[in-house]
Amino acid sequence: MNTFELAAPDGTHLGFWLMLDDEETDGKSGQFALKLNETGKTFAVLRDLQNDERALFWVMTHDEIELFDNDDVFLGTLKQGYLNLSHQHFLLTDLTGNG
């Protein structure tokens, strides 16, 4: 499992982003979840994802990670530390192994 700090573009801490690899795909896909603090909950797109009871999935493509819900609805992308959801941009900082 990889853990990331989730932040607004100005660096404000919003919560945490978690990604779990699917062992059967050699780390090329898996599930994700997020845990928001009160500041993060002010972003509707994040709040909706956190409150969604459906499974959330990621798939690595050539140069980015694409995000989907369990109905294969495209949610956004993750590329080079930038999370893009519904035309909103967020920062992810890898915390895995930093503790």
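Residues numbered from 1 in each chain as written. Predicted model: local features only at pLDDT ≥ 70, side-chain atom pairs only at ≥ 80, totals over all residues. Heavy atoms only, no water.

## A look at the pattern of salt bridges
Enumeration according to the criterion identifies four salt bridges in this entry. A salt bridge links Arg-54 to Asp-71; the shortest N-O distance between them is 3.1 Å. Here Asp-71 lies in the loop between strand E5 (65–69) and strand E6 (74–79) and Arg-54 lies in the loop between helix H1 (44–51) and strand E4 (56–60), a separation of 17 residues in the sequence. Under the relative-accessibility criterion, Asp-71 is labelled exposed at 51%. Of the charged contacts in the structure, one is a salt bridge between Lys-79 and Asp-63, with a shortest N-O distance of 3.1 Å. Placement of the pair is Lys-79 in strand E6 and Asp-63 in the loop between E4 and E5, with a sequence separation of 16 residues. Three or more residues are tied together by salt bridges with common partners; here these are Arg-54, Asp-69 and Asp-71. (Salt bridge = Lys/Arg side-chain N within 4 Å of Asp/Glu carboxyl O. Helix = DSSP H or I, 4+ residues; strand = E, 2+ residues; numbered from the N terminus. Buried < 20%, exposed > 50% of the residue type's maximum accessible area, 1.4 Å probe, protein only.)

## Observations regarding the side chain of Ser-29
Inspection of the secondary structure assignment puts Ser-29 in strand E3 (residues 29–36). On the accessibility criterion, Ser-29 (15% relative accessible area) is buried. Those residues in contact with Ser-29 that sit more than four places away from it in its chain are Leu-20, Asp-21, Asp-22, Trp-58 and Val-59. (Contact = heavy atoms within 4.5 Å.)

## Some remarks on the environment of Leu-6
As for its position among the elements, Leu-6 is in strand E1 (residues 2–7). Relative accessible area serves as the criterion here: at 0%, Leu-6 is assigned to the buried category. Taking the C-alpha atoms as reference points, Leu-6 and Leu-18, 12 residues apart in sequence, are found 9.6 Å from one another. Aside from chain neighbours lying at most four places away, what touches Leu-6 is Thr-12, His-13, Leu-14, Gly-15, Phe-16, Leu-34, Leu-36, Leu-46, Leu-83, Phe-90, Leu-91 and Leu-92.

## Examining unusual backbone geometry
Backbone geometry places Asp-72, a non-glycine residue, at a positive phi of 65 degrees. Mapped onto the elements, Asp-72 comes out in the loop between E5 and E6. Notably, Gln-80 is not glycine yet its phi reads approximately 50 degrees, a positive angle. Among the secondary structure elements, Gln-80 is positioned in the loop between E6 and strand E7 (82–85).

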